[in-house]
Amino acid sequence: MTLAARIIPCLDVREGRVVKGVNFVDLKDAGDPAEQAAIYDAQGADEICFLDIAASHENRGTLLDVVRRTADKCFTPLTVGGGVRTPEDVRALLLAGADKAAINTAAVRTPDVVDACAKAFGAQCIVVAIDAKQVSPDRWEIFTHGGSRETGIDAVRFAVEAVERGAGELLVTSIDRDGTRAGYDLALLSEISSRVKAPVIASGGAGTLQHLVEAITLGGASAALAASIFHFGTFSLAQAREALRDAGAPVRDVVGYAP
Amino acid sequence: MQTIALIDYGAGNLRSVERALARAGAEPVVTAAPDAIAAADRIVLPGQGAFAACMTGLSAQPGLIEALRRAVLERGAPFLGICVGMQLLADVGLEHGETQGLGWIGGACRVLSVGPKDILPHTGWNTAAPARAHPVLDALAPARHVYFNHSFVLDPPANTIGATTEHGETFACAVARDNLVGVQFHPEKSQAVGIDLLQRFVRWSP
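Definitions and limits used
- Residues numbered from 1 in each chain as written.
- Chains lettered and ligands numbered in written order.
- Predicted model: local features only at pLDDT ≥ 70, side-chain atom pairs only at ≥ 80, totals over all residues.
- Heavy atoms only, no water.
- Contact = heavy atoms within 4.5 Å.
- Buried area = accessible area lost by both parts, 1.4 Å probe.
- Salt bridge = Lys/Arg side-chain N within 4 Å of Asp/Glu carboxyl O.
- Polar contact = N/O pair within 3.5 Å; in protein donor to acceptor, adjacent residues only side chain to side chain.
- Axes fitted to C-alpha atoms, helices over the stretch in contact; angles between N-to-C directions.
- Helix = DSSP H or I, 4+ residues; strand = E, 2+ residues; numbered from the N terminus.
- Parallel < 35°, antiparallel > 145°, perpendicular 65-115°, else oblique.
- Left-handed = near helix turned anticlockwise from the far one by under 90°.
- Nonpolar A, V, L, I, M, F, W, Y, C, P; charged D, E, K, R; others polar.
- pLDDT = per-residue confidence, 0-100.
- Phe/Tyr/Trp six-rings, centres within 6.5 Å; stacked < 30°, edge-to-face > 60°.
- Buried < 20%, exposed > 50% of the residue type's maximum accessible area, 1.4 Å probe, protein only.
- Lys NZ or Arg CZ within 6 Å of the ring centre and 35° of its normal.
- 1 Å grid on protein atoms, 1.4 Å probe; cavity = no way out; pocket = protein on both sides within 12 Å on 5 of 7 lines; lining within 4 Å.
- Points joined across faces, edges and corners; volume = space filled by probe spheres on them.

**Quick notes on the interface of chain B and chain A**
Here comes step 1: The partner chain A presents 37 residues to the 35 residues of chain B that form the contact.
Here comes step 2: Between chain B and chain A, the buried area comes to about 3100 Å², and carbon and sulfur atoms account for 52% of it.
Here comes step 3: The tally of links between chain B and chain A comes to three salt bridges.
Here comes step 4: A salt bridge links Arg19 of chain B to Asp72 of chain A, with the nearest nitrogen and oxygen atoms 3.7 Å apart.
Here comes step 5: Inspection of the region where chain B meets chain A yields 20 residue pairs in polar contact (both at pLDDT 80 or more).

In structure tokens, the structure reads:
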């Protein structure tokens, strides 16, 4: 038996509501995060990812409350990201019901925070989220602040370093593809997944079931994350599992809750 | 209703385990107090993070380990250890140096031995195959998918292995002996299969 490929619906949240934008702008409302989480839990999501895309200091209390309400609705592993800067932020999220915390901008600005968080809570609950944009045929660079701020940092090299520092997982988002439904950036995923031991979650660009399959079979990712295609009912999680199974990828046998 | 003491020693996703036990029909009491442990019908020991840090957390609570030892080993209260809560049953932990464990099951807790192409941490859903019939671990039959998130495993005595999983190697994902059960995976995060396992634990009379 083998570790199953994971399909992860992502709840992008702003001010307590699920939203999904095209290239990080033009947000549409897709509902209440706790309600969405309960639906995905019942459908057998392998994990649920919860990203606070506004992530301001003032909103911290609201975020923790939404995480608490969301975690209370499901028995599915929950990764939460957005505005995680310190081990104390990670601790607050874990206490609210998150299983893993995703660190994004802070990992770029002060990479030591990854070491500190992994040391305090274990690598298995620290995810480093990488937002990358292709700048030349063989080079991707990290952009922060929702893709608006350029850093000049090589995304592949950064990914390797993040794992060395203790990241137990990488959430790799292609800014070029995010919201386009044109498919994941498979070259970026392969570059990173072939160089690290930690699992890679593919993000940005899922539009068809074939895209989810390719992330695993061609991109070398352990998990495929998607938002719009699930939120708006284009595809169900069951269809996604079926597509992976048909392609020969290891898939979980989901057992439904007793009534 | 039976009381379950869910041990709070600053290491573990208590909230998730508490909710899952409630869903399984129990009334968990989150506590580290020796008198509450003495009064509890069952004990659940969660745990996340590093072996040494968890052992330090357990030891830091006055009288906690002694109260657990009396309830579980002397009185025979049914016990469930989850993730690092299972690993602590080892004689010794080898994560960040050598740390003495509770020693209730024995063996060592060491890093998972994986091949060049296997990911580490072992994160996600993998099958747990029961090694024998057991009133609690029967929830895993024939080989259900459950959720794992760890890099270290317990190498227990062979006669205590309750279920096994493959990732790079075949390792014990559950142990069982007398009134003790330990699981390396997270039943509180394994949806229906996990709730079923917890229900069986709540009803179990070893």
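**Some details on the packing of helix H8 (residues 209–217) of chain A against helix H10 (residues 237–246) of chain A**
Residues and elements named next belong to chain A.
Here comes step 1: Running from N to C, H8 and H10 point in directions that differ by 50°, and their axes come no closer than 9 Å. Classed by the angle they form, the pair H8 and H10 counts as oblique. In the packing of H8 onto H10, the handedness of the crossing is right-handed. Note on element contacts: H10 touches H8 through Gln239, Ala240, Ala243 and Leu244, opposite Leu209, Leu212, Val213 and Ile216.
Here comes step 2: Partitioned by chemical class, the residues of the contact of H8 with H10 number seven nonpolar, one polar and no charged.

**Observations regarding the confidence of the model for chain A**
Here comes step 1: In this model, chain A carries an average pLDDT of 90, and 94% of its residues clear a pLDDT of 70 or more.
Here comes step 2: The low-confidence segment residues 21–27 of chain A, where pLDDT is below 50, has 18 contacts with residues more than four positions distant or belonging to other chains.

**Quick word on the packing of aromatic side chains**
Here comes step 1: Summed over the entire model, instances satisfying the criterion amount to six aromatic pairs over all chains.
Here comes step 2: When the centroid spacing of 5.5 Å and the interplanar angle of 75° are considered together, the rings of Phe79 of chain B and Trp104 of chain B count as edge-to-face. Placement of the pair is Phe79 of chain B in strand E4 (residues 79–82) and Trp104 of chain B in the loop between strand E6 (99–100) and strand E7 (108–111), with a sequence separation of 25 residues.
Here comes step 3: When its relative accessible area of 0% is taken as the criterion, Phe79 of chain B is described as buried.
Here comes step 4: With a relative accessible area of 7%, Trp104 of chain B lands in the buried category.
Here comes step 5: Among the aromatic residues, those joined into a cluster by ring pairs are Phe148, Phe171 and Phe185 of chain B.
Here comes step 6: Above the plane of the ring of Phe143 of chain A lies Lys133 of chain A, whose end atom (NZ or CZ) is 4.4 Å from the centre.
Here comes step 7: Across from the ring centre of Tyr257 of chain A, 4.9 Å away, lies the NZ or CZ of Arg23 of chain B, which sits over that ring.

**Re the layout of surface pockets**
Here comes step 1: Considered as a void within the structure, the second largest pocket measures approximately 540 Å³ in volume.
Here comes step 2: As for the second largest pocket, its lining consists of 27 residues, of which Leu3 and Ser222 of chain A together with Lys117, Asp118 and Ile119 of chain B are closest to the centre.
Here comes step 3: Secondary-structure elements contributing two or more residues to the lining of the second largest pocket are strand E8 (122–130) and strand E11 (161–167) of chain B.
Here comes step 4: Among the residues forming the lining of the second largest pocket, the class breakdown is 13 nonpolar, eight polar and six charged.

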